[in-house]
Amino acid sequence: MVRVIMDDTGSGKTKQLIDLANAAVQTEHGNVICIEPKKELTYDIDYNIRLIATNEYTLPSYEVFQGFLSGIYAGNYDITHIFIDNLTKIIRCDEEEQVERFLDQQVRNRIKFTITMSAKAHLAADGIKKYT
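Being a predicted model, the structure only gives us computed values, none of them experimental. (Residues numbered from 1 in each chain as written. Predicted model: local features only at pLDDT ≥ 70, side-chain atom pairs only at ≥ 80, totals over all residues. Heavy atoms only, no water.)

**Thoughts on the environment of Cys34**
Within the secondary structure, Cys34 is located in strand S2 (residues 31-36). Aside from chain neighbours lying at most four places away, what touches Cys34 is Leu17, Leu41, Ile45, Ile49, Arg50, Leu51, Ile52 and Phe83. (Helix = DSSP H or I, 4+ residues; strand = E, 2+ residues; numbered from the N terminus. Contact = heavy atoms within 4.5 Å.)

Right under this line is the structure:
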């Protein structure tokens, strides 16, 4: 399952992601991961959620980020949910075709994904809208 939360900058997407992640760690029977551009959510998310700040790694493309996610999963098969805050800020690319391909790849995983993106949902391509 992939869920995308899209809206303008400053609209409360990260707050919604924090609330969903904190709820998930209480109800999921596996591990919950939260990936963000910079380590800013340390005091907002439950201490049982693994927080990963991507500014500590070089992730220049969606392909490299996919490999990064695969490495996380390979190291822990008990992951049930991954939250990604501000996907296009992590990769620094908002080309809809690449975003669509990345989202489609996540559907094949048995892990749930909740992803935030700063963009107008009504202007998004259909391949992205189907996840909102």
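**Considering the packing of helix H2 (residues 62-75) against helix H4 (residues 96-107)**
Between H2 and H4, whose axes approach to 10 Å, the crossing angle comes to 20°. Relative to H4, the element H2 lies roughly parallel. Relative to H4, H2 is oriented so that their crossing is right-handed. Contact with H2, carried on its side by Tyr62, Glu63, Phe65, Gln66 and Leu69, involves Gln98, Val99, Arg101, Phe102, Gln105 and Gln106 of H4 and no other residues of that element. Residues that form the contact of H2 with H4 fall into these classes: five nonpolar, four polar and two charged. (Axes fitted to C-alpha atoms, helices over the stretch in contact; angles between N-to-C directions. Parallel < 35°, antiparallel > 145°, perpendicular 65-115°, else oblique. Left-handed = near helix turned anticlockwise from the far one by under 90°. Nonpolar A, V, L, I, M, F, W, Y, C, P; charged D, E, K, R; others polar.)

**Here's the deal with the packing of aromatic side chains**
In the structure shown here, the tally under the stated rule is five aromatic pairs. Centroid distance Tyr57 to Phe68: 5.0 Å. Interplanar angle 55°. Geometry classified as tilted. Of this pair, Tyr57 sits in the loop between strand S3 (50-53) and H2 while Phe68 sits in helix H2, and the two are eleven residues apart along the sequence. Using a relative accessible area of 41% as the deciding quantity, one classes Tyr57 as partly exposed. Cluster of aromatic residues (ring-pair linked, three or more members): Tyr57, Tyr62, Phe65, Phe68 and Phe102. (Phe/Tyr/Trp six-rings, centres within 6.5 Å; stacked < 30°, edge-to-face > 60°. Buried < 20%, exposed > 50% of the residue type's maximum accessible area, 1.4 Å probe, protein only.)

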